[in-house]
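Architecture and fold: a report
Chain by chain, the residues:
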Amino acid sequence: MQPSTLKIFLKSGAIWGFIVFELIFFTVAGQFLSLSETAFMDVDNMLLLFKQSAPIGIIAMGMTIVMINGNIDLSVGATYALSAVVMLDSMTWPIFAGLGDWVIPVAWALALLTGTVLGAINGLIVWKTGVDAFIVTLGAMLGYRGLVFMYNGEQPTSHLNWTLVDFAEAQFLGLHSATWFLLLVTAVIWFLMNRTVHGRNAYAIGNNREAAVNAGIRVGPHMLINFMIIGFLAALSAVVFYSESGSVNPNDGMLYELWVITAVVLGGTKLAGGAGSIISTFGGVLAIQLLRKGLSHIGADTSTVNLVIGLILIAVLLLDRQLNTKGKEELKI
Amino acid sequence: ETYKIGITQNNVGVDSYQTTYEQAFVDAANANDRVEAVVLDAGGDVARQIAQMENLIQQGVDAIIIWPTNGEAVIPAVRKAKQADIPVVVTNSNIDEKGFDFISSFSGPDNIAQGATAAEVMCDRFKALGIADEAQIVEITGQPGYTTAIERSDGFTERLPEICPNVELVDSQPGDWNREKAQTVMEAFLTKYDDIDGVYAGDDNMGVGGLNAAMAAGREGITFVGATNFAVGYEAMANGDYWGSIYQSPVDDARAALETAVDILDGVDVPFLNYFETPAITQDNMGEFTKPVF
Amino acid sequence: MTAQSPVLRLEGIVKTFPGVRALDGVSLTIMPGEVHALMGENGAGKSTLMKVLGGIHQPDEGRIIVGEQPVTMSGPLDAKAKGIVFIHQELSLAEELSVAENIYLGELPRKRFGLLDRAELETRTNRILDRLKVGFNARTRVGDLSIANQQMVEIARALTVDAKAVIFDEPTASLTDAEKVVLFEVISSLQEQGVGIVYISHRMEEVFKITDRISVLRDGQFQGTVNTADTDEEGVTHMMIGRKLDLSRVECHHELGEVALEVRGLSCGHLFEDVSFEVRSGEVVGFYGLVGAGRTEIAETLFGLREPSAGSIYLGGELVRIHCPADAIARGISLVPENRKTQGLVLGMNCRDNMTLAQCDDLKAGPFVAEGSEIAIFDQYRDRLDIRTPGWKQLVCNLSGGNQQKIVIGKWLSMHPRVLIVDEPTRGIDVGSKSEIHNLIRELAAQGYAVIVISSEMPEVLHVSDRVVAMYSGRVMRTFSAGEVTEDSLIQAISGIEPEQAA
Amino acid sequence: MVALTRKDMGQFLARQGILVAFVLFMILFTLANDRFLDPDNIMGVVRSSAILGVMALGVTFVVISGNLDLSVGSMMSFSTIVVLDLHDKIGPALAIPAMFAMTLCLGAFIGFLVGYLKLNSLIVTLGMLSAIHGLTLTYSGGKNMDIDDMAGTWFGMFGRGDVLGIPTPILIFLSLAAVLGVMLAKTPFGRKVYAVGGNGTAATFSGIPRARVVFSCYLVSAFCVATAGLLQASRSMGSQNTVGQGLELEVLAAVILGGASLMGGAGTIFKTVIGVLILGFIQNGLLLVGLPFYAQYVVTWVIIILAVWLDIAAKRGGLWSPIA
Ligand SMILES: Nc1ncnc2c1ncn2[C@@H]1O[C@H](COP(=O)(O)OP(=O)(O)OP(=O)(O)O)[C@@H](O)[C@H]1O
Ligand SMILES: Nc1ncnc2c1ncn2[C@@H]1O[C@H](COP(=O)(O)OP(=O)(O)OP(=O)(O)O)[C@@H](O)[C@H]1O
Ligand SMILES: [Mg+2]
Ligand SMILES: [Mg+2]
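Residues numbered from 1 in each chain as written. Chains lettered and ligands numbered in written order. Predicted model: local features only at pLDDT ≥ 70, side-chain atom pairs only at ≥ 80, totals over all residues. Heavy atoms only, no water.

**Observations concerning the overall build of chain B**
Keep this limit in mind: Numbering of helices and strands runs from the N terminus, with a helix taken as a DSSP run of H or I at least four residues long and a strand as a DSSP run of E at least two residues long. Residue contacts follow a heavy-atom distance rule, with two residues in contact if any of their heavy atoms lie within 4.5 Å. Accessible surface is estimated by sampling points in the Shrake-Rupley manner with a 1.4 Å probe; for residues, cover comes only from the protein chains shown. Residues scored as charged are limited to Lys and Arg (positive) and Asp and Glu (negative), so that His and the chain ends carry no count. Lys charges are placed at NZ, Arg charges at CZ, Asp charges at CG and Glu charges at CD.
A count of helices and strands for chain B gives 9 helices and 12 strands. Along the first, second and third principal axes, the C-alpha atoms of chain B reach 60 × 35 × 30 Å. Sequence-distant contacts, at least 24 apart, represent 74% of the contacts inside chain B between residues at least 6 apart. About 9,700 Å² of surface is accessible on chain B, with carbon and sulfur atoms providing 44% of the total. Averaging the locations of the 17 positively and 47 negatively charged side chains of chain B gives two centres separated by 4 Å.

**Thoughts on the pairing of strand β2 (residues 35-41) of chain B**
Residues and elements named next belong to chain B. Stated formally: Only protein chains enter the accessibility calculation, which uses a 1.4 Å probe; a residue whose area is less than 20% of its type maximum is buried, one above 50% is exposed, and one in between is partly exposed. Strand pairing follows a simple DSSP-based rule, namely that at least 2 bridges must link the two strands. Think of it like this: strands point away, you trace from the first strand over the helix to the second, and a clockwise trace means the crossover is right-handed.
Summarising burial for β2: 5 of the 7 residues are buried, a large majority. Bridge count between strand β1 (residues 3-9) and β2: 7 bridges; the pairing is parallel. Looking at β2, one finds that Ile 5 is bridged to Ala 37. Remark: the β1/helix α1 (residues 16-31)/β2 crossover connection has right-handed handedness.

**A few points about the site of ligand 1**
Residue and element names in this part refer to chain C. Put simply, the rule reads: Any residue with at least one heavy atom within 4 Å of a molecule or strand is counted as near it. Polar contact is the term for a pair of N or O atoms within 3.5 Å; when the atoms are in protein, one must be able to donate a hydrogen and the other to accept it, and sequence-neighboring residues count only if both atoms are side-chain atoms.
Of all residues adjacent to ligand 1, which total 15 residues, the nearest are Asn 42, Gly 43, Lys 46, Ser 47 and Thr 48. The contact in question runs from an oxygen atom of ligand 1 to an N or O atom on the backbone of Ala 44, over 3.3 Å. Measuring from an oxygen atom of ligand 1, one finds a backbone N or O atom of Gly 45 at 3.0 Å. With the chains in place, 74% of the 640 Å² that ligand 1 exposes on its own is no longer accessible. Only β2 (20-30) and α1 (46-53) provide two or more residues apiece to the shell around ligand 1. Sorting elements by how many residues they give to the shell around ligand 1 places α1 first, with 3 residues.

**What to know about the packing of α1(B) against helix α9 (residues 250-266) of chain B**
Residues and elements named next belong to chain B. Put simply, the rule is: Axis definition: a line fitted to C-alpha atoms, over the contacting stretch in the case of helices. Angles run 0 to 180 degrees between N-to-C directions. Between 65 and 115 degrees an angle is taken as roughly perpendicular, under 35 as roughly parallel, over 145 as roughly antiparallel, and anywhere else as oblique. Note: crossing handedness is left-handed where the near helix turns anticlockwise from the far helix by less than a right angle, and right-handed where it turns clockwise.
Where α1 meets α9, the axes come as close as 8 Å, and the angle between the chain directions of the two elements is 45°. On the basis of their axis angle, the class for α1 and α9 is oblique. Handedness of the α1/α9 crossing: right-handed. Between α1 and α9, the residues in contact are Tyr 17, Thr 20, Tyr 21, Ala 24, Phe 25, Ala 28 and Ala 29 and Pro 250, Val 251, Asp 253, Ala 254, Arg 255, Ala 257 and Leu 258, respectively.

**Concerning the site of ligand 2**
Residues and elements named next belong to chain C. The cut-off we apply is this: Note on residue categories: nonpolar means Ala, Val, Leu, Ile, Met, Phe, Trp, Tyr, Cys or Pro, charged means Asp, Glu, Lys or Arg, and polar means any other residue, Gly included.
Gly 292, Arg 295, Thr 296, Glu 297 and Glu 338 are the nearest of the 13 residues found near ligand 2. One of the backbone nitrogen or oxygen atoms of Gly 294 is found 3.0 Å away from an oxygen atom of ligand 2. Take Ser 456: an N or O atom from its side chain is 3.0 Å from an oxygen atom of ligand 2. In terms of residue class, the shell around ligand 2 is built from 3 nonpolar, 5 polar and 5 charged.

**A word on the coordination of the magnesium ion (ligand 4)**
Residue and element names in this part refer to chain C. Rules: Sites may look incomplete because water is not among the atoms; the donors themselves are N, O and S atoms within 2.8 Å of the metal, or within 3.2 Å for Na, K and Ca.
Binding of the magnesium ion (ligand 4) to the protein goes through Thr 296 (OG1) and Glu 338 (OE), at separations of 1.8 to 2.3 Å. Here the residue Thr 296 occupies a position in helix α9 (residues 295-302), and Glu 338 occupies one in the loop between β16 (333-336) and α11 (340-344), the gap between them amounting to 42 residues. Owing to a relative accessible area of 13%, Thr 296 belongs among the buried residues under this scheme. By relative accessible area, which is 27% here, Glu 338 ends up partly exposed.

**Topic: the pattern of salt bridges**
Stated formally: Salt bridges are defined as contacts in which a side-chain nitrogen from Lys or Arg sits within 4 Å of a carboxyl oxygen from Asp or Glu.
This structure, assessed with the given rule, holds 51 salt bridges over all chains. The closest approach of N and O atoms between C:Arg139 and C:Glu122, which form a salt bridge, is 3.0 Å. Separated by 17 residues along the polypeptide, C:Arg139 in the loop between α4 (118-132) and α5 (147-156) and C:Glu122 in helix α4 bring together distant segments of the chain. Note that C:Glu424 is salt-bridged to C:Arg295, the shortest N-O span being 4.0 Å. With a gap of 129 residues between them, C:Glu424 in the loop between β19 (419-423) and α15 (431-446) and C:Arg295 in helix α9 connect regions that are remote in the sequence. Note on accessibility: C:Glu424 and C:Arg295 belong to one class, buried. When salt bridges that share partners are traced, they join C:Arg352, C:Asp353, C:Glu371, C:Glu374, D:Lys186 and D:Arg191 into one network.

**Notes on the interface of chain A and chain C**
Threshold: Here the buried area means the combined drop in accessible surface, using a 1.4 Å probe, for two parts upon being joined, counting both sides.
Counting from both sides, the interface comprises 28 residues of chain A and, opposite them, 30 residues of chain C. Here chain A and chain C share an interface that buries about 2,400 Å² over both sides, 59% of which is from carbon and sulfur atoms. The tally of links between chain A and chain C comes to 1 salt bridge. Mapped by element, the contributors of at least two residues to the side of chain A that touches chain C are α7 (177-195), α8 (197-207) and α9 (209-214) of chain A. Take the side of chain A that touches chain C: its biggest share by element is 6 residues, from α8(A). Residue classes in the side of chain A that touches chain C are distributed as 13 nonpolar, 8 polar and 7 charged.

**Comments concerning the interface of chain D and chain A**
Contacts between the two partners involve 47 residues from chain D and, on the opposite side, 51 residues from chain A. Note on chain D versus chain A: buried area summed over both sides is about 4,200 Å², and carbon and sulfur give 82% of it. The interface formed by chain D and chain A includes 0 salt bridges. Our count for the chain D to chain A interface comes out at 3 residue pairs in polar contact (both at pLDDT 80 or more). For the side of chain D that touches chain A, the element with the highest residue contribution is helix α6 (residues 121-140) of chain D, accounting for 14 residues.

**What to know about unusual backbone geometry**
Even without being glycine, A:Leu255 reaches a positive phi, approximately 70°. Along the polypeptide, A:Leu255 turns up in the loop between β4 (247-248) and α11 (256-266). By relative accessible area, which is 42% here, A:Leu255 ends up partly exposed. At C:Glu424, a residue that is not glycine, the phi angle is positive and equals roughly 45°. Of the residues examined, C:Glu424 reaches a relative accessible area of 7% and is grouped as buried.

**What to know about the packing of aromatic side chains**
Stated precisely, the cut-off is as follows: Stacked, tilted and edge-to-face pairs are distinguished by plane angle, under 30 degrees for stacked and over 60 for edge-to-face with tilted covering the rest, among Phe, Tyr and Trp rings (Trp via its six-membered ring) whose centres lie within 6.5 Å. Only when the NZ atom of a Lys or the CZ atom of an Arg is both within 6 Å of the ring centre and within 35 degrees of the ring normal do we say a charge sits over the ring.
By the definition in use, this model includes 32 aromatic pairs over all chains. Here the aromatic rings of A:Phe149 and D:Tyr294 are separated by 5.4 Å at their centres, their planes lie at 10°, and the arrangement is stacked. With A:Phe149 in helix α5 (residues 133-152) and D:Tyr294 in the loop between α13 (269-288) and α14 (295-316), this pair bridges two chains. Overall, A:Phe149 belongs to the buried group, its relative accessible area being 2%. Three or more aromatic residues link up through ring pairs in this structure, and these residues are A:Tyr80, A:Phe241, A:Tyr242 and A:Tyr256. Taking NZ or CZ as reference, A:Arg200 lies 4.7 Å from the ring centre of A:Tyr203, over its face. Here the guanidinium or amino end of B:Arg125 rests over the ring plane of B:Trp243, the centre of that ring lying 3.9 Å away.

**Looking at the state of the cysteines**
Inclusion rule: In plain terms, two cysteine sulfur atoms within 2.5 Å form what is called a disulfide here.
Under the counting rule described, the total for this entry stands at 1 disulfide over all chains. Paired through a disulfide, B:Cys123 and B:Cys164 show a sulfur-sulfur distance of 2.0 Å. The chirality of the disulfide connecting B:Cys123 with B:Cys164 is right-handed, given an S-S dihedral of about 85°. On the criterion of sequence distance, the pair formed by B:Cys123 in helix α4 (residues 111-129) and B:Cys164 in the loop between α5 (147-163) and β7 (168-174) is long-range, its members being 41 residues apart. A residue is classified by how much of its surface remains accessible, and B:Cys164, at 2% relative accessible area, is buried. Left unpaired, C:Cys351 is separated from the closest cysteine sulfur, that of C:Cys397, by 9.3 Å. Given the relative accessible area of 0%, C:Cys351 is considered buried.

**Some details on the sheet that holds β2(C)**
Residues and elements named next belong to chain C. Spatially, the 4 strands line up as an open sheet ordered β2-β1-β4-β5, and their pairing is antiparallel. Each edge of the sheet is formed by a strand with only one pairing partner; in this case those strands are β2 and β5 (69-71). The mean inter-strand angle of the sheet, taken between neighbouring strand axes irrespective of direction, is 30°.

**Regarding the sheet that holds strand β3 (residues 63-66) of chain B**
All names here are of chain B. In space, the 6 strands of this open sheet follow the order β2-β1-β3-β4-β5-β11, with parallel pairing throughout. Where the open sheet ends on each side, the last strands, each with one partner, are β2 and β11 (273-275). The average undirected angle you get between the axes of adjacent strands in this sheet is 20°.

**Things to note about the UniProt feature "transmembrane region" (unreviewed entry) in chain D**
Residues and elements named next belong to chain D. Selection criterion: UniProt positions are given in the numbering used here, feature names are shortened, and annotations may be inferred rather than shown by experiment.
Following the UniProt record, the feature "transmembrane region" (unreviewed entry) maps to residues 12-32, 44-64, 94-116, 122-142, 163-185, 213-231, 251-282 and 294-314 here. Here residues 44-64 runs as 100% helix and 0% strand, with 29 Å between its end C-alpha atoms. For residues 94-116, the end-to-end C-alpha separation is 31 Å, with 100% helix and 0% strand making up the annotated structure.

**Some points on the side chain of B:Asn10**
Residue and element names in this part refer to chain B. Position of Asn 10 relative to the elements: it lies in the loop between β1 and α1. Among the residues examined, Asn 10 registers a relative accessible area of 5% and is labelled buried. Excluding anything up to four places from it in sequence, Asn 10 contacts Gln 18, Asp 41, Ala 42, Gly 43, Gly 44, Trp 67, Pro 68, Thr 69 and Tyr 146.

Given below as structure tokens:
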């Protein structure tokens, strides 16, 4: 009757096992294929891995809670771009001219506010109209992107501030600023989902919405808050990334939602909601970034990368299903 | 001693130019015993390109060639290479001036000059047709946000009024380097404007999309001028449907980039702006050029 | 008791949904310390009335008076704060969360800054679980519990506050007898504390066992309140359906035919093992057992929904292999599933399409579905089964439970099966419809169908079956013929006591 | 009585919101630009919507069966590239069936994963979006595909030809819509698609082979994608690898605008056609009144949400969601 311990171990540890597999594979394959003398498992390379995981990773944390809540947000890529535009552009506004480098926190705050507001708009629409989040955010994905273009036509929005770049490139205790942001966000979101009433209610809503309603949980505000959080995190991701790069194309962040969802699903969060773990999402983010990095390490071209990543996503799904089947006697529905 | 040279390209596979470029670059590197190449592709994503720059720096390559996805966003990454004493050559599409301190050289076409040349080709044609005082033209630009698209458009729109002050540019919409998109845009232009005498397209791919739309609508006598002469554009020119373009060879582009990088590593003096030749090609002089392979 | 003032009064409650007047001026008085049954046919408005009381629906008209104060219930938490606790008809739990989190769903104890107070949560939960004498603890994931235990979690919610009134909406639908005893103990201890209890059930014997007064609804209208002691089943039934119900078994004397279905040594993993039985045409065989005994799984295996690990199935003497429901249907086996909402009906489709769903391949005019024949079939079975619906275009989700069940039965009858399996045919169905369905089953047998009835209600099994198969934990314990079955022997068999031991 | 008729009017407006929106947009654009209603323009819009429309027909099947198909854009790039490549190698008469066979194989693969292995369609088709793009790039080596001898082939008739003055893409789109519309509304297969999407478990319990139905829906979708690829290739006689990129979202937007429920079990081909036309006319209308292309994004956002909102508001009988 009991599922075998091996299965339980595989289920909870699958993503970490996958990461270990990737590390071994790319290290070995790298010996034969890579032109680089440095090994794949080099410390600096791994530090870069964390840093490069940050933009997707920070958003993925938000996506996890939104998906646990039983919703989805397809508009994160556009939110990310619009927040970046606001951050970079606001640093050049004349009213802030007197602030010197103090304009940086102001610009950050404005960007984060933008993301939060965009998230709130999605959340409010989902709450008040009852339209499915998939549709609301699919629309917003187009709409917010339109706003990005309206802001500055088709031109990139740029403002290089070297103080900001130096901060973003800084390393503290060996870890890059971006890595710190990623770790901090992961910790905070883990705490939110596991140790606060809001987090537990979010699980309940995703798990059985009617039960939550019957128990008097106010579903709407919780969803709103989670959409605001993901908006905030999309903006934070933009702040972290664009502080360093200083210029945003209006098309930036396109397809980010796909990467983010892939990472979250790799981490085992259920699309139907109600189940998912922040730590596993972190694993999912690392796994994806490792895959991209590893493939480029062994010299795979774009077509291979696309093919492999697509098939791996499907393979993981298949594996997950295999681990969850109850054996031959299962109901065939 | 061999040089290890890393390249991070913009978006291979999005069109034949970039694909042919990559091929040519790999061939050129293979042909050169002194060069080992690490060939990467950013897939059009700035974040991925910056990550690739970091990876190349971390791997300790001798020089980096970058085809920027965004002329400004890559500047900090280029600065990092500079700080690591790795010379950077920008290829095909330049980075913003703010980053000039950190690069060793730019190798590629002069896109602003190309836009200006296209304006001249268009204007000359109108003069020959005797409609230089009344012609109305539309523009189909490349993917919004790409330096190449912006520079070509700027070069064209600045030069045109200087030589043909009475030609009116009535509309401009992006075709995203995409033939189909350009065709849709052109269809709308054709409905909106009864009188279109000329079309300037950011590349021949889009130009041919526009041409398809015009032929489907039965509108004749439109002067099409493009850039980056593609095989389809060359053929359309041979058929007499398409007027002119700019001849730009991805093979030259790739070779020039590699040579520039090798020269820098050898300590040879290279000009900071290392433009390669991109002459105008029209129905009149196309015999001087071979058909592009892409 | 007469001197006391009521804990709760409802006055002239009206509630309409689009197209349905679910409640039409209902009044109800609940005294402290009484168990008050609320009865009525399916769709009479019982659940709706209680949802109004629980703050889930707002009434269009009428007043709710708690103690002396007229109140408005703005939501479930508001109702709970006013001392009204509601145990839902359908399980209403979040499976991924722990028992404790489910019990305190919506009002998790919090520390400052919205932090969850886990220690407090677990202490409080354990206190309640002790009272309910259950075998699981506060940290168990609810999804890992059996359905019955999940029901107990639902019931535990009633004990989290000092309730003035507790509403149980069909709490025993999936409880075992032992668990029912615990539930009734809980109810009587609440009663002693002066809590008013509203108890909704279709099971007459329970109602007469534990309630003090009975109120009856019919079509959203209040029919009156009587003291339980002053009435009997017949009287209540009359109030509910407005006519006298003939509860006697329809004895159709007919010859049993050939063996229609024979099962030998059928096993399916650990779900059930070595099951053998046979059913003749014209015969009704009842399967009785506790929840989890494996009866549903046998039915699903016969219907091609599970792959048997051993054993053989013979239809009309011929060995058959059934790999999918289409095989089963082609061979004349039909299954009216246990859960009509999730397994029986496409709720968003209309009545006609649901009724003919299993045969849309057969009803063809050229390449198209023959809508005319479909409507003819629907009309025929609507009349035959007395399905109450405005017309075939009505969406099934707008029908009451009993009428929904009849659509499912109609779906299979219209296929003219040889073997008809009905799993819990009257779960959540009112007495009126129930006896109609029982009669229908007998009639079908008389017409030569071989019928298997799976039921957890002993009276039902005894009432409709010619023979009874008693199951315990995946095994057939005994097969009783009509003459030899008694309640005692049946209970022993399904509790795992071997006949020789019992003898 | 009067109140009742007004309520009925409201109901009608809400239920047919998509048609009402359509008419309103047409009127607005007509007022803004007198060319809008020009027959040539209308014909042009329908013609350029045809490719998107053909794909939307297939996706409607998938969505009604309760699944998603995000891979149609990259699959369309694949068919376009393949048919163009094969055209010059084996001639159009063989290239077209070969391309259809290859595309149907991809559809069958997805259908197998989603139907028989019961994997989540959102993730499977997301993965396939990426994988098929990789496949296309590998197939083409990243190069554009062009037909060498454009003048000497009859291949152009699908995308460029016309019959009695009506462009062939329109004819193909509308006749495919008619065939698939009847198939969905009137045949046993269509009924099963609705049943599987409405409640897959109940469909299985009624003997409907759910896996096979889902599988077939993906085949229908792949067939439509192949048709769209043919139209595309024939229309432009040459193509880039990214020709269909991003179309999946426009297609989905059109299907949703048409009122198909992402939960499955609801939607019609007719409404999808309306959805497609609305998107086409908005795009065209905004271009005509001189707004930049991105204005259409914002407008699409607003009308998608309004359309779906009105639709569910009509069903529940109230504008605002009852959730607290
Ligand atoms: N949310 C709703 N929307 C529309 N109609 C509803 C809704 N809830 C209940 N109804 C209708 O109101 C009537 C009363 O339903 P209710 O659930 O109260 O019946 P019930 O007496 O509890 O029946 P059962 O014994 O089957 O549980 C039914 O006709 C039902 O279809
Ligand atoms: N001891 C048990 N504890 C928890 N769950 C069980 C136990 N035994 C069986 N189950 C599960 O409970 C569910 C119900 O069991 P099953 O359907 O076999 O019962 P049944 O005999 O058909 O009774 P009913 O139809 O009344 O539910 C099944 O999914 C089964 O796997
Ligand atoms: Mg009820
Ligand atoms: Mg059962």
